[in-house]
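# A closer look at the structure
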Amino acid sequence: MTGPSFSNQLGLLERRLVADPRAFRELFTADGMEAVAWEFRQEELGAKFTRQLWEVLSRDDDSSRLLMRFLWQLPLGKKRMFVRALDEHLSGRYPMFSGLSENWPAGNAISPYIRKPSERSEDFELVNKGFLGYMDLGFTRRDVELFVWLEALRDKQCAEAPCELGVLLAGHREPQGGCPVQIHIPKMFELIGTGRFREALEMLESCNPLPNVTGRVCPQELQCQGMCIHKQSMTIGQLEWFLPEWEKLADPQATTRRFAGIRDPWAAAVRPPIAIVGSGPSGLITAYLLAAEGFPVTVFEAFHELGGVLRYGIPEFRLPNQLIDDVVEKIRLLGGRFVTNFVVGKTATLEQLADAGFARVFVGSGAGLPRFLNVPGEHLLNVMSANEFLTRVNLMQGHRGDHETPLPTVAGKQVLIIGGGNTAMDAARTARRLGGLVTIVYRRTRAEMPARVEELEHALEEGIELAVLRSPVEFSGDETGFVTTATVEVMGLGEPDASGRRRPIATGRTAEMPADLVIMALGNSANPIIKDSEPRLTVSAQGTIEQVGDGSKETSLPGVYTGGDAARGGSTAIRAAGDGQSAAREIVRTLARFEAEEVTARVARALAYTELAGEIPVIVAKQHLSVGIEEFTVRAPVVARTAQAGQFVRVLPSPDGELIPLTLADWDAKAGTITLVVQNMGTSTIQINAMRVGEALAGVAGPLGRPSDLHRHADDATVVFTAGGLGLPPVYPIMREHLRLGNHVTLISGFRSADLMFWDGPEERIGRIKAEFGDQLEVIYATNDGSVGVQGFVTTPLEALLNAARDGAGRRIAEVVTIGPPMMMRSVSDLTRPYDVHCVASLNSIMVDATGMCGACMVPVTEDGKLVRRHACIDGPEIDAHSIDWDKFLPRFGLFRAQEQESRSRHGL
């Protein structure tokens, strides 16, 4: 039974608070809390008292926070009594309280709000909305704060803090479980449990500036929550995510106010500048921590959007992009700068960044090279990597009608996801939302799947099927080159392997599964771009960048540090963040010895370079060349500085456009410009060609691909170029370099007719280069209708040259380089093969990221009698034409023909 004094004391509290706020704290402590304490000395809490107590807690004022601290400090038995009272007396108002007291606190809790499968499986809205999701059901923000506080009341304040520190195991460098970014988890619970939410957030962000990101995607069941002694573990990740999101609701201007008055570190110039390569989790946390210490920081990102794998790899139903943007904004408020469309290893090397003034470089470039099974049929259309599929959806928003990136047709199609990790879950659930009939194919059983339990459960709830103990051994297709069937081998399970999971064993039995789209989610390898550009870097056999010291993040290149997937291979966002945190601390320790004058000079150079690299790619000149073909001169100074013959750039015409590979037709390092030639093909190229001088492209990244492999040949030999139509612009800089080397060059330039020719006049490019090099360059024109030069295709004069060389009547042919329409390149390849003449094809096939991450531009080639894959963007674009399996490769150019036609129709083009 409740005590008669409680209501009186509560009324007295309210009257005294209005009359004399200064006396409030003493009065409440002396009188009000004694009444509350009296109630808690009873066997149970009564209904009236419970409701009144909850009303005070709901006020969000000093009295409520004092009550929260009082209840936090109660012994466990009294806390249980309080929760029983909530269950008994308030569950009508709060359904989540019903049954809460059973097995509380170890085996029961208020769970975060998760949308029903029927509501979520066809949209990209957040699935697990956390505690704040209860506001969607009509509960107030204060209600949610109390739900979170009740979760904190469950905490035991374990002295060993296994959730934070993990458990040390013999023979292991890193503890099992625990928090890689060393969040003080027990302290966070204490602050929340005593009502100090803002202090909890400040403490949290002092350890981890990405809590609203890592709280969403960290595998807590393997880290902090995996070590929790409760049967139903504390929802640590959800609370990490809740705090920054709560602040945005409670105090929308808090972040701006918190960083107000911070002096721009670039203007202060008291600490040397740092370059961060990659804006994934390791790069962002390194940038934040260093910027918070007053270092001028520039983050170089290869894509046009920031976030790395957080943005391109994780769907928004798991990680909203706004959470990434929040982190980026904090770094900006600290003075950090960002340069997008900058591919380190191509746009600039690590050494060039150091030369630009950056005193230290952190490489957080990830591990984005997708793995395949290397089984027959992987070349078929609609067999793609999860990286490509997710990039097209997450980064390029291809599922939206107002964006131009094409997607494979998914609605109503049989979609197979090969793999059992988190990426497989993301791909499967994304395909489900696009209307696919999705099956996850995994070679072990459900018990061995490495995916997070929650993600797998959500996938199955959403209607995704699971085919276990199945491993694809071959894919079959139809006459158009599209996949139709997967042949899978039935597997058994043997003894555990090094991962601790039972090893799959082939049984020899097979089955067939229908497949309209196959998505490979088999993990990633390290991208070779950075290591190939810097031979002094020590890398592992798997291509990851090695750290040379025990406990150090420094690489074999002094002043260059690394972490995350670039060093670990495929890992987790939280481990990447932990690496970034360690690297930032190590960098701070090593930068005390710079003199003030050197710091000032370095900051000035690095700032100038940052601004140059961040220039908007503006069109400075335009020239009409032929029907549907335009030449553009674009301001891109850092690309122009490092461009080489044979390379290309990745162009984003507009924010809602698609990424297009365009070969570098020319460049001027002094003027800081590049030349691009664009032909009307699809919606995006038509829209580019409609642009005018003064307009800006949304992004230009490069130079990409490997430069042409140039050699000095004998004086009696010639290098033959066959340029078909738009193949002439990429041919031009390559043949120019051959001429500068002293090689004789024969150019066979083919067009359909005279009225479509360009660059052929005496004052145009071919005429000028002919005038410069004279007889060192022979130019042969071929037109289909015979209106200029030889009638026929480029193969007609090429065959004459080959025959003359074979018969000793002409120059010996050192090599043939063919660039142009795919069928022309195949014809040149077939023609040269019997003459035993080396032939190179330059392939700008279908690409997305153009850095090797997606695997879209795979080229099937035969090496040592085996069919293997190469990628035009990192292994090419120049590839031995005789090694290409053209029958398998050519259909790829028609992969998205239907989607491109639909886009042109939609735009009235």
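Heads up: the structure comes first, above all this text.
Now for a quick tour of the structure.

## Quick look at the overall build of the chain
For the chain, the count of helices and strands is 33 helices and 33 strands. Relative to the compact-globule value of 29 Å for 909 residues, the chain shows a C-alpha radius of gyration of 32 Å, a close match. Counting the 909 residues in the chain, one finds 59% classified as buried. Total accessible area on the chain is roughly 36000 Å²; 49% of this is exposed by carbon and sulfur atoms. If the 94 positive side-chain charges of the chain are averaged to one point and the 113 negative ones to another, these points end up 4 Å apart.

## A closer look at the sheet that holds strand E24 (residues 699-704)
A sheet is described by the order of its strands in space; here 3 strands give the open sequence E21-E20-E24, paired in antiparallel fashion. Only two strands of the sheet have a single neighbouring strand rather than two, namely strand E21 (660-663) and E24. Going from strand to strand, the sheet's axes swing by 25° on average, the running direction of each strand aside. By the bridge criterion, 4 bridges tie strand E20 (residues 648-652) to E24 in an arrangement that is antiparallel. Along E24, the bridge assignment pairs Val 651 with Val 700.

## Some thoughts on the state of the cysteines
Throughout the structure, instances matching the rule amount to 0 disulfides. Left unpaired, Cys 839 is separated from the closest cysteine sulfur, that of Cys 857, by 19 Å. Cys 857 supplies the cysteine sulfur nearest to Cys 873, a cysteine that is in no disulfide, at a spacing of 3.6 Å.

## Comments concerning the packing of helix H5 (residues 76-90) against helix H7 (residues 141-153)
Between H5 and H7, whose axes approach to 11 Å, the crossing angle comes to 145°. Once H5 is placed against H7, the crossing between them reads as left-handed. Touching Lys 79, Phe 82 and Leu 86 of H5 are Trp 149, Leu 150 and Leu 153, all from H7. Among the residues making up the contact of H5 with H7, the classes are represented as 5 nonpolar, no polar and 1 charged.

## Here we look at the packing of aromatic side chains
Aromatic ring pairs are defined here through the distance separating the ring centres and the angle between the ring planes. Under the definition given, this model contains 26 aromatic pairs. Ring geometry for Phe 758 versus Trp 759: centroids 5.7 Å apart, planes at 85°, classification edge-to-face. Side by side, Phe 758 and Trp 759 carry an identical accessibility label, which is buried. One aromatic cluster is present, built from ring pairs that chain together Trp 54, Tyr 94, Phe 97, Tyr 113, Tyr 134, Phe 139 and Phe 147. The positively charged end of Arg 433 is found above the aromatic ring belonging to Phe 317, 4.0 Å away from the centroid. A cation over an aromatic ring shows up here: Arg 736 above the ring of Trp 667, its NZ or CZ 5.6 Å from the ring centre.

## Quick word on the sheet that holds strand E18 (residues 619-626)
Here 4 strands make up an open sheet; going across it, the order is E18-E19-E23-E22 and the pairing antiparallel. Edge positions in the open sheet fall to E18 and strand E22 (666-668), since each of these has one partner strand only. Taken pair by pair, the neighbouring strands of this sheet meet at an average axis angle of 20°, ignoring direction. Taken together, the 7 bridges between strand E19 (residues 629-635) and strand E23 (residues 673-679) define a ladder with antiparallel strand orientation. Its bridge partner being in E23, Thr 633 is matched across the sheet by Thr 675.

## Digging into unusual backbone geometry
Following Gly 702, the chain continues into Pro 703 via a peptide bond in cis, with omega recorded as -5°. Omega for the bond connecting Gly 876 with Pro 877 falls within 30 degrees of zero, at 15°, which places this linkage in the cis form. On the secondary structure map, Pro 877 appears in the loop between strand E32 (866-871) and strand E33 (878-880). Backbone geometry at Asn 374 places phi at a positive 60°, although glycine is not the residue there. Its location among the elements puts Asn 374 in the loop between strand E7 (369-370) and strand E8 (383-385). In this model, Leu 469 sits at a positive phi of 55°, which is unusual for a non-glycine residue. Residue position: Leu 469 is located in the loop between strand E11 (465-468) and strand E12 (470-477).

## Side note on the pairing of strand E15 (residues 517-520)
For a regular strand, side chains alternate in direction, first toward one face of the sheet and then toward the other. Of the two faces of E15, the one carrying Leu 517 and Ile 519 and the one carrying Val 518 and Met 520 are both buried. Pairing of E8 with E15 involves 3 bridges; the strand directions are parallel. When the sheet's bridge partners are listed, Val 383 is paired in E15 with Val 518.

## Describing the nonpolar core
Ranked by internal contacts, the top residues of the largest apolar core, which has 66 residues, are Val 297, Phe 300, Phe 342, Leu 350, Leu 353, Phe 358 and Tyr 609. A total of 7 residues in this core trace back to one element, the largest contributor, which is helix H15 (residues 281-292). Those residues in contact with Tyr 609 that sit more than four places away from it in its chain are Phe 300, Phe 342, Ala 348, Leu 353, Ala 356, Phe 358, Val 638 and Arg 641. Residues Phe 49, Val 83, Ala 85 and Trp 149 belong to the second largest nonpolar core, which totals 57 residues.

## Looking at the side chain of Arg 869
With respect to the helices, strands and loops of the structure, Arg 869 is situated in strand E32. For Arg 869, a relative accessible area of 14% translates into the label buried. Within the local environment of Arg 869, its side chain forms a polar contact with the side chain of Glu 378, the two groups lying 3.0 Å apart. Excluding anything up to four places from it in sequence, Arg 869 contacts Phe 372, Asn 374, Glu 378, Met 858 and Val 859.

Reading the values: rules and limits
Residues numbered from 1 in each chain as written. Predicted model: local features only at pLDDT ≥ 70, side-chain atom pairs only at ≥ 80, totals over all residues. Heavy atoms only, no water. Helix = DSSP H or I, 4+ residues; strand = E, 2+ residues; numbered from the N terminus. Rg over C-alpha atoms; globule rule 2.2 N^0.38 Å. Buried < 20%, exposed > 50% of the residue type's maximum accessible area, 1.4 Å probe, protein only. Areas by Shrake-Rupley, 256 points an atom, 1.4 Å probe, with all protein chains shown as cover. Lys, Arg positive; Asp, Glu negative; His and termini not counted. Charge placed at Lys NZ, Arg CZ, Asp CG, Glu CD. Pairing = 2+ DSSP bridges. Axes fitted to C-alpha atoms, helices over the stretch in contact; angles between N-to-C directions. Disulfide = S-S within 2.5 Å. Left-handed = near helix turned anticlockwise from the far one by under 90°. Contact = heavy atoms within 4.5 Å. Nonpolar A, V, L, I, M, F, W, Y, C, P; charged D, E, K, R; others polar. Phe/Tyr/Trp six-rings, centres within 6.5 Å; stacked < 30°, edge-to-face > 60°. Lys NZ or Arg CZ within 6 Å of the ring centre and 35° of its normal. Core = buried A, V, L, I, M, F, W, Y, C linked by side-chain atoms within 4.5 Å. Polar contact = N/O pair within 3.5 Å; in protein donor to acceptor, adjacent residues only side chain to side chain.

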